[in-house]
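Listed here are the chains, written in short residue letters.
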Protein chains: 4
Amino acid sequence: VAIDLNADLGEGYGVWRLGDDEALLGIVTSANVACGFHAGDPLIMRKVCEQAVLRGVVIGAQVGYPDLRGFGRRRIDVEPDELCADVLYQIGALDACARAAGAEVRYVKPHGALYNTAAVDRATADAIVTAVASFGVLPVLGLPGSTLAVAAHERRLPFISEGFADRAYRPDGRLVPRRDRGALLTDPEEVVARSIRLAREGQVEAIDGSVICVDVRSLCLHGDTLGAVVLARGVRDALIKAGIAVEPFA
Amino acid sequence: VAIDLNADLGEGYGVWRLGDDEALLGIVTSANVACGFHAGDPLIMRKVCEQAVLRGVVIGAQVGYPDLRGFGRRRIDVEPDELCADVLYQIGALDACARAAGAEVRYVKPHGALYNTAAVDRATADAIVTAVASFGVLPVLGLPGSTLAVAAHERRLPFISEGFADRAYRPDGRLVPRRDRGALLTDPEEVVARSIRLAREGQVEAIDGSVICVDVRSLCLHGDTLGAVVLARGVRDALIKAGIAVEPFA
Amino acid sequence: VAIDLNADLGEGYGVWRLGDDEALLGIVTSANVACGFHAGDPLIMRKVCEQAVLRGVVIGAQVGYPDLRGFGRRRIDVEPDELCADVLYQIGALDACARAAGAEVRYVKPHGALYNTAAVDRATADAIVTAVASFGVLPVLGLPGSTLAVAAHERRLPFISEGFADRAYRPDGRLVPRRDRGALLTDPEEVVARSIRLAREGQVEAIDGSVICVDVRSLCLHGDTLGAVVLARGVRDALIKAGIAVEPFA
Amino acid sequence: VAIDLNADLGEGYGVWRLGDDEALLGIVTSANVACGFHAGDPLIMRKVCEQAVLRGVVIGAQVGYPDLRGFGRRRIDVEPDELCADVLYQIGALDACARAAGAEVRYVKPHGALYNTAAVDRATADAIVTAVASFGVLPVLGLPGSTLAVAAHERRLPFISEGFADRAYRPDGRLVPRRDRGALLTDPEEVVARSIRLAREGQVEAIDGSVICVDVRSLCLHGDTLGAVVLARGVRDALIKAGIAVEPFA
């Protein structure tokens, strides 16, 4: 059994920083690097790529809406052809940074409101996979069962399903919205146990107590707080101890 | 004898437009496509690339300072490593757009204040050529005798010299600043005659009446006014009539 | 009988321009000046304010989403408190420009997608009127019968209703969406006749042939094309010839 | 004897934060609030203004170059009329936020590269004081002996001199550049002692050991690190213990 661990990296801008990139690069196997539209700037992107290469971490493009102010968390009614061009632009920009560091962009993952919109809106999902396909046959990382997964499959792009050990699931396999009660799990032991079960059995207990199947090849970790980083390391260590190989999907 | 004709294209942003891209694509052999930092946006970039491919025009990256408001015409004291990352980002972003259109970025030309600064400031010139070299062995297009030319040569990047038939030259081969009297030539016959002489003999009459050598492989044309487009077409037609091959350098 | 004529002005950015501000300032009585979020920049704002003062045109704040790239035409899911702060910021910025020119902001009109969203979404309308009220007791200009009108009334802010002589109306008094067939009227004679009827009788023929009441104190004119400016002037001349006073509402 | 304590506040943007605003508002008497061009956004501005009013802290406009990416630390060759409009815009925007909180902008202080440029470049200094004067008779806060001080005096604007207890001075009264050795003083006892001497005697020991006169009405404190906040509090406590009144200049 093998599992990939992914996390968002390079989410600063100019003088501002967010999350502990250095710590996360020692934990994850795939880095979702922000591409300058909702976070990240060229210098940060270059440095993250260089560090990722040194640590053997695979680089993916974390693409988002053009909205630094809202950190990509606000849905914008972008026309599909404009969104498609925006995604292509971001992938190309990051790929140049990755190549300068001796690597390349190996997958694409939408961020924030774009992630959520692409999970349910076909035009948005199509715009993203069209952009990816016009760049190359790259895997798309996202929510299993989402519209984005359907769009990727139809476009014959590999789709990599990810799971969240620290988020509550609804019985239908979708995530409980962040603002709802019980959406976030904070007990380290519980999160670790869910990580192992997700990785080994592809199962998770939903918020109503039922057990659902979530066939995931990657777990999404967070690093925006000190506690999050400690928890992420705990998950990695526990997975390895449980005999699960932690390795990139790409 | 052969000469390349280059012009700035894709210099709109969102709803705003500047210059007549369509007309220019029927005249030039090399398109300096703005990359979103001082002008241009992903959708405009994609469309210009598609049209350039249809017209057989070579695509180059017109890189600039991150300054939409100032159209890249204001010098910004950027740290070299930040400038280098910015240039690399822009090249990569445009290359993705070009590749989606079946082409690729074939050269790089700095724009506005970055062009002027790179012509005299070694740190700026080095940052640009370092970025280009980390992307690939691409030619740099610029002013003959400039610091940028020196930096490119040392970095073993091809440097393509360009001339300006509608700008006055100083006896030392540099351009008379735009704001000075006599800096711009507007008489169509004179501009056409200078174009032919530049292309055929590599010579131009400086503002003091002396004749100087300007060994150029490309002429820079403008398309920001109706008159400019008519003049650009006149130059192209006259060159061909004079038996000079109009063809891309790349 | 008196009517105000309003139009969007100062919608350029940096080197880019949109519409013929100078011509419009000779036609309208109220200028909706863009405030830098979806169009406009500080220098353009100052110059438009100075010209408006010279021509005796009243200055209003044309507030929008923070989206230069989309010209404020793309709905953004902004949190109400953030939208409220954004609107307040824009009003204050324009007011400083207006005061430096010897005037002041006399009313507020939302632009593009914000106009459309505020017409139907209560949270958006409330955020706008809260911002306006926290700045001063300024009139809000918008669509009669809209949610924005309701929100303004409840907040005890004057609401000024505007009509569109060149847009088709639905029987319920709302506008036919731009993308629908017949949404835009282009016959100058018809537009002029509708202008007079709107100003004098507060009536307009809807797209289904029924006559509806649209009690308006202002007509919105456009100036983004040469034809639009000529038409705007025709409307103004015809109104005056018909004995209708063309004067600002503020 | 009385002294004002000022510090930069509201220097976050979107999700990003910089410095401990809440702690600083309990220490300073004047808050230099960023206005959205190099840092700060409308929501942050509103919240800082509200908190400043609650704590009795005076609000000033921290104006800067339009450069979020560079945090206003990179000099930009802006035309004077454009800079003037930019400064006016920022003051007006913050004033609207301050007024909504029951206060108003009481002074203006340039930030970063604009501070440094205005200290030596007359065109820059003139552009700033012209903007301030067109808004109202507000004091300008800056370096004693600077070109900005001269420009303010000629424009009949009050100029408030500030000192830095944690920065090394040259014998001519100017600051040792940050990048030079010994530019920053970090010993808390020394910084506190210099603060008291600056406040009480208007004197400070320069880097060559000579004692120079720096007649200051305000001390600039920093809050970007935990240590900086602790030091700032130490300075305030020591000043009060030494019998020096800590109160706003405005």
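Residues numbered from 1 in each chain as written. Chains lettered and ligands numbered in written order. Predicted model: local features only at pLDDT ≥ 70, side-chain atom pairs only at ≥ 80, totals over all residues. Heavy atoms only, no water.

A.B. asks: Outline the relation of the copies chain D and chain A, listing residues and values.
C.D. replies: When chain D is fitted onto chain A, the two copies agree to an RMSD of 0.0 Å after a turn of 180° and an axial shift of 0.0 Å. Both copies are brought into coincidence by an operation consistent with a two-fold rotation axis. Nearest to the rotation axis, the C-alpha of Trp16 of chain D is located 3.0 Å from it, this being the minimum over chain D. When you check the interface residues of chain D against chain A, 100% turn up at the interface there too, and the contact is symmetric in its surfaces. (Least-squares fit on C-alpha atoms with pLDDT ≥ 70 in both. Contact = heavy atoms within 4.5 Å.)

A.B. asks: Describe in detail the pairing of strand β3 (residues 58–63) of chain B, supporting the description with residues and values.
C.D. replies: Residue and element names in this part refer to chain B. In terms of burial, β3 is largely enclosed, as six of its six residues are buried. Judged by which residues are buried, β3 turns out to be covered on both faces: Val58, Gly60 and Gln62 on one side and Ile59, Ala61 and Val63 on the other are all buried. As defined by bridge partners, strand β2 (residues 30–34) adjoins β3 across five bridges and the pair is classed as parallel. Bridged to Ala31 within β3 is Ile59. With helix α2 (residues 42–55) bridging β2 and the parallel β3, this β-α-β connection has right-handed handedness. The sheet contact formed by β3 and strand β4 (residues 107–110) spans four bridges and is parallel. Directly across from Gln62, in β4, lies its bridge partner Lys109. (Buried < 20%, exposed > 50% of the residue type's maximum accessible area, 1.4 Å probe, protein only. Helix = DSSP H or I, 4+ residues; strand = E, 2+ residues; numbered from the N terminus. Pairing = 2+ DSSP bridges. Right-handed = clockwise from strand over helix to strand, strands pointing away.)

A.B. asks: Mind laying out the packing of helix α5 (residues 122–135) of chain C against helix α6 (residues 147–154) of chain C, listing which residues take part and the relevant values?
C.D. replies: All names here are of chain C. Two elements in contact, α5 and α6, have axes separated by 9 Å at closest approach and are oriented at 45°. If you check the angle between α5 and α6, you find them oblique. The handedness of the crossing between α5 and α6 is right-handed. Together, Arg122, Ala125, Asp126, Ile128 and Val129 of α5 and Thr147, Leu148, Val150, Ala151, Ala152 and Glu154 of α6 make up the contact between the two elements. The residue makeup of the contact of α5 with α6, split by class, is seven nonpolar, one polar and three charged. (Axes fitted to C-alpha atoms, helices over the stretch in contact; angles between N-to-C directions. Parallel < 35°, antiparallel > 145°, perpendicular 65-115°, else oblique. Left-handed = near helix turned anticlockwise from the far one by under 90°. Nonpolar A, V, L, I, M, F, W, Y, C, P; charged D, E, K, R; others polar.)

A.B. asks: Could you give me a rundown of the relation of the copies chain A and chain B, with the residues and numbers involved?
C.D. replies: Mapping between the two copies of the chain is achieved by a rotation about an axis and a shift along the axis. Rotating chain A by 180° and moving it 0.0 Å along the rotation axis overlays it on chain B with an RMSD of 0.0 Å. Both copies share a contact surface, since 100% of the interface residues of chain A are interface residues in chain B too.

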